[in-house]
Amino acid sequence: MTNTQAPTPEAILQIGLGFWGSKALLSAVELGVFTVLAERPLTSKQLMSRLGLQARGTVDWLDALVSLGLLARSGDEYANSTNAELFLDRNNPSYVGGILEMANARLYPFWGSLTDALRTGQPQNEAKMGEDFFAALYQDRDRLRQFMHAMTGLSMGAANAIAEQFPWGRYHTVVDIGAAEGCVPVQLALRHPHLSGGGFDLPAVGSIFDEYVASFGLGDRLRFYPGDFFADPLPAADVLVMGHILHDWNLDEKHILLRKAYEALPDGGALIVFESIIDDDRRTNSFGLLMSVNMLIETPGGFDYSGADCRAWMAEVGFSHSHVEPLVGPDSMVVGIK
Ligand SMILES: C[S@@+](CC[C@H](N)C(=O)[O-])C[C@H]1O[C@@H](n2cnc3c(N)ncnc32)[C@H](O)[C@@H]1O
């Protein structure tokens, strides 16, 4: 059969103007639309008065959010869609808007300089102005807590899949390296009562980790290990986890971190590396490939990588077996066995 349909530019235009929908959502999160509508449905006039917005364009923006499946409209009242109610109401524990707030405040303007990044190979974030976003973040506990919570929004799906898929029955202790507030160890400990361990991260993260772990009543099984993963040895455990860690660093630094994990594991111990691992043929995981471009914008040397890349690095530092396993969405884990 021949394809008689003439090609159209629709898909190209959708990608090219994709930032319209993206920014419509990011501004809605910034303005708190979904949090306000979680209280009760409101008309456009009520929403404008509540959010301090004028009329021109606002109804079009609200109806665009309806057409994108983020809001529902009944009569002249707007309400959250089911997904928005669950994931975009700031007062809901399943809120994932933290990462979108950061995307709106930082990544959206920085990606405007992607062409410069490609020409120069230089980061386009605060570093371009001589500022250090992360150094400032670690000095401000409230902002650090928000950032660490945004990481939980990003990693919750993968944490649940790792809790389900990995053969935890064979192991007793687990430490998450670069754990942030502890999303992964908490999900593992909730699902597997025989597991204990904790999270390793920079000292400034300790009280935020402890608070999050205590909110699940897991303080007796999960503890915080303060340290710098380049300056200090990693804590010993049957299983070590590195989620969204390796992609921040250049190839030499990736090697150092993998070697340190290998040294901290017992024989038979496992390292689980997870993030949006790129497919080996580098054709299909757009999210993983674009995440790697995001590392160009955000870091001096970071990049994402394929499962085959990670397995080769694991073999170089001494891991005897490794395999790649899909988790959820664009995320996979690479498991290395010592
Ligand atoms: C992108 S976040 C990933 C958080 C978590 N693993 C996840 O996947 O949701 C990177 C984490 O690495 C930590 N980190 C960065 N540099 C570090 C270092 N030198 N030593 C220890 N932890 C570090 C950060 O504090 C942060 O919690």
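Predicted model only: the values in this text are computed from it and were never measured.

Participant: Even after reading the chapter, I still don't get the layout of surface pockets, so can you show me in this structure?
Facilitator: Taking a probe equal in size to a water molecule and rolling it over the atoms shows the remaining empty space. By volume, the second largest pocket is sized at about 460 Å³. Lining the second largest pocket are 22 residues; nearest its centre among them are Arg143, Arg145, Gln146, Phe147 and Ala150. Breaking the lining of the second largest pocket down by element, the ones donating at least two residues are α7 (97-111), α9 (133-139), α10 (141-165) and α12 (206-214). Among the elements that line the lining of the second largest pocket, the one with the most residues is α10, at eight residues. Here the lining of the second largest pocket is composed, by residue class, of 10 nonpolar, five polar and seven charged.

Participant: Which parts of the structure should I look at to understand the pairing of strand β3 (residues 77-80)?
Facilitator: If a strand is regular, its side chains alternate between the two faces of the sheet. Of the two faces of β3, only the one carrying Tyr78 and Asn80 is buried; Glu77 and Ala79 on the other face are not. Note that strand β1 (residues 42-43) and β3 share two bridges and pair antiparallel. Within the sheet, the bridge partner assigned to threonine 43 lies in β3 and is glutamate 77. Pairing of strand β2 (residues 71-74) with β3, which is carried by four bridges, proceeds in the antiparallel orientation. From the neighbouring strand, arginine 73 faces β3, where its bridge partner is tyrosine 78. The loop that links β2 with its antiparallel partner β3 comprises two residues; one of these, glycine 75, has a positive phi angle of about 60 degrees.

Participant: Even after reading the chapter, I still don't get the state of the cysteines, so can you show me in this structure?
Facilitator: In protein structure, a disulfide is the covalent linkage between the sulfur atoms of two cysteines. Under the defined criterion, the tally for this structure stands at zero disulfides. In this structure cysteine 183 is a free cysteine whose sulfur lies 20 Å from that of cysteine 310, the closest cysteine sulfur available. In this structure cysteine 183 comes out as buried when scored by relative accessible area, which is 4%.

The rules behind these values
Residues numbered from 1 in each chain as written. Predicted model: local features only at pLDDT ≥ 70, side-chain atom pairs only at ≥ 80, totals over all residues. Heavy atoms only, no water. 1 Å grid on protein atoms, 1.4 Å probe; cavity = no way out; pocket = protein on both sides within 12 Å on 5 of 7 lines; lining within 4 Å. Points joined across faces, edges and corners; volume = space filled by probe spheres on them. Helix = DSSP H or I, 4+ residues; strand = E, 2+ residues; numbered from the N terminus. Nonpolar A, V, L, I, M, F, W, Y, C, P; charged D, E, K, R; others polar. Buried < 20%, exposed > 50% of the residue type's maximum accessible area, 1.4 Å probe, protein only. Pairing = 2+ DSSP bridges. Disulfide = S-S within 2.5 Å.

Everything listed is a geometric property; what it means functionally is a separate question.
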